Amino acid sequence: RINEKTSKKDGGENHNIWLHADVVGFKDLLATKNSATRECLICYPHEKSYLYSFEVKYEMITTSNIRKFFFQTVSNSSWANFSYLVATRIEEKALEELQLLCTSFKIGFIQLNTNEPLESDIIIQAPKTELDWNMIDRIATENLDFRKYLKNIELSYKKHSNKDIQTPEWDIC
C-alpha cells in the first residue's frame, strides 16, 4: 500500500495529485530458479522481476466516472510493467469504453472480489510495458512508502546471492 500521506507536502496544493497508485506489487522472477541460473541472471542485464501498479476504486465504474478513474490510473500507474485499474463493479455500458481505453493506454482492468480478493477476475489483461525509471525516481523522491517498496526489491535481489542480507518486510494488503 502506498499511502499518499507519506508524500512530501512542500510543492503546494495538488503538487502530488495522482502521483502514485494505491497498491504496488513485485514478482521476483529469480525466486524459482536453480541457484546457478539465479546467480548468472543476477549478473546478466536481464529482467529479474515485474513491477505492478494498481489504482483501486471501491465504487462502481460508470459512464460518468470512467474517464476520471481511468486517467487517474494512467497518471499514477503507467511507470510499472503491468498497470491496472481495479474496481468492485463496472456498469455494462462502461465496459466497452473501458476496453477501448485499456487497449490505447496499455492498462488492464481487474474486477475486485472484496470478500475473497484472491478470487478477483482479470477482465482485461494489462500488456507488459517497459519500466519508466524517470517516473519511478519522481515517486521515490516524493513518497516514503514507495522508497520502502524499492528498498525491499533491492533486498530481494541481494538476498538471492547473500543469505546474510536481511529479508525484506513486505506489507501485505
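Counting starts from 1 at the beginning of each chain's written sequence and moves along it residue by residue. Totals for whole chains, interfaces and linings use all residues, but because this is a predicted model, local features are given only for residues with pLDDT of at least 70 and pairs of side-chain atoms are given and counted only at 80 or more. The side-chain quantities take in all heavy atoms of the structure and omit both hydrogens and water.

## Side note on the overall build of the protein chain
For step 1, the next point in the chain: Under the scheme used here, helices are H or I runs from DSSP no shorter than 4 residues and strands are E runs no shorter than 2 residues, and both carry numbers assigned from the N terminus. Regarding its fold elements, the protein chain presents 5 helices and 5 strands.
For step 2, the next point in the chain: Mapped from its N terminus to its C terminus, the protein chain presents α and β elements in the order β-α-β-α-β-α-β-β-α-α.
For step 3, the next point in the chain: Residues counted as buried form 42% of the 173 residues belonging to the protein chain.
For step 4, the next point in the chain: In this description, contact between two residues means that some pair of their heavy atoms is separated by no more than 4.5 Å. Of the contacts made within the protein chain by residues no fewer than 6 positions apart, 64% connect residues no fewer than 24 positions apart.
For step 5, the next point in the chain: For accessible areas, the Shrake-Rupley method is used with a probe of radius 1.4 Å. Any residue's cover is judged against the shown protein chains and nothing else. As displayed, the protein chain has an accessible area near 10400 Å², and 51% of this comes from carbon and sulfur atoms. The classification of residues rests on relative accessible area computed with a 1.4 Å probe and restricted to protein chains. Under 20% of the type maximum is buried, over 50% is exposed, and intermediate values are partly exposed.

## Quick look at the environment of Phe-71
For step 1, the next point in the chain: When you line up the elements, Phe-71 lands in helix H2 (residues 66-77).
For step 2, the next point in the chain: Each C-alpha atom of the pair Phe-71 and Leu-101 lies 9.2 Å from the other, and the pair is 30 residues apart in sequence.

## Remarks on the nonpolar core
For step 1, the next point in the chain: Working definition of a nonpolar core: buried Ala, Val, Leu, Ile, Met, Phe, Trp, Tyr and Cys residues. They are joined through side-chain atoms within 4.5 Å. Formed by 16 residues in total, the largest nonpolar core has its most connected members in Ile-61, Phe-70, Ile-90, Leu-98 and Phe-109.
For step 2, the next point in the chain: The set of elements that each furnish at least two residues to this core consists of H2, strand E3 (82-87) and helix H3 (92-105).
For step 3, the next point in the chain: Discounting chain neighbours no more than four positions away, the residues touching Ile-90 are Met-60, Ile-61, Leu-95, Leu-98, Phe-109 and Gln-111.
For step 4, the next point in the chain: Formed by 11 residues, the second largest nonpolar core is a distinct cluster that contains Leu-29, Tyr-84, Val-86 and Leu-112.

## Section: the packing of H2 against H3
For step 1, the next point in the chain: Every axis corresponds to a line fitted to the C-alpha atoms, with the helix fit spanning only the stretch in contact, and the corresponding angles, defined between N-to-C directions, vary from 0 to 180 degrees. Relative orientation of the contacting elements H2 and H3 amounts to 20°, with a least axis distance of 11 Å. Judged on the interaxial angle alone, H3 and H2 are roughly parallel. Relative to H3, the crossing made by H2 is right-handed. Of the residues in H3, those in contact with Ile-66, Arg-67, Phe-70, Phe-71 and Val-74 of H2 are Ala-94, Glu-97, Leu-98, Leu-101, Cys-102 and Phe-105.
For step 2, the next point in the chain: Here the residues of the contact of H2 with H3 sort into 9 nonpolar, no polar and 2 charged. Every angle not falling under 35 degrees, over 145, or within 65 to 115 is termed oblique; those three ranges are roughly parallel, roughly antiparallel and roughly perpendicular. Here a crossing is taken to be left-handed if its near helix is turned anticlockwise relative to the far helix by less than a right angle, and right-handed if that turn runs clockwise. Throughout this entry, Asp, Glu, Lys and Arg are counted as charged residues, while Ala, Val, Leu, Ile, Met, Phe, Trp, Tyr, Cys and Pro are counted as nonpolar. The remaining residues, Gly among them, count as polar.

## Section: helix H4 (residues 133-142)
For step 1, the next point in the chain: For H4, the complete set of buried residues consists of Ile-136, Ile-139, Ala-140 and Glu-142. Each buried residue of H4 lies within a common arc of 170° when the element is viewed along its axis, so the set occupies one face. Of the residues in H4, the exposed ones pointing more than 90 degrees away from the buried face are Trp-133, Asn-134 and Asp-137. Read the arc as the range of directions from the helix axis to the C-beta atoms.

## Some details on the packing of aromatic side chains
For step 1, the next point in the chain: Two rings from Phe, Tyr or Trp (for Trp, the six-membered ring) form a pair when their centres sit within 6.5 Å of each other. Planes less than 30 degrees apart are called stacked, planes more than 60 degrees apart edge-to-face, and all others tilted. Overall, the coordinates contain 10 aromatic pairs when judged by the stated rule.
For step 2, the next point in the chain: For the pair Tyr-52 and Phe-82, a centre-to-centre distance of 5.1 Å together with 20° between the ring planes defines the contact as stacked. On the criterion of sequence distance, the pair formed by Tyr-52 in strand E2 (residues 49-57) and Phe-82 in strand E3 is long-range, its members being 30 residues apart.
For step 3, the next point in the chain: For Tyr-52, a relative accessible area of 18% translates into the label buried.
For step 4, the next point in the chain: The class for Phe-82 is buried, based on a relative accessible area of 10%.
For step 5, the next point in the chain: With a centroid separation of 6.4 Å and an interplanar angle of 70°, the aromatic rings of Trp-79 and Tyr-149 are classed as edge-to-face. Of this pair, Trp-79 sits in the loop between H2 and E3 while Tyr-149 sits in helix H5 (residues 144-161); the two residues are 70 residues apart in sequence, bridging distant segments of the chain.
For step 6, the next point in the chain: The exposure class assigned to Trp-79 is buried, which follows from its relative accessible area of 2%.
For step 7, the next point in the chain: The exposure class assigned to Tyr-149 is buried, which follows from its relative accessible area of 5%.
For step 8, the next point in the chain: Every member of this aromatic cluster is reached through a ring pair, and the members are Tyr-50, Tyr-52, Phe-54, Phe-82 and Tyr-84.

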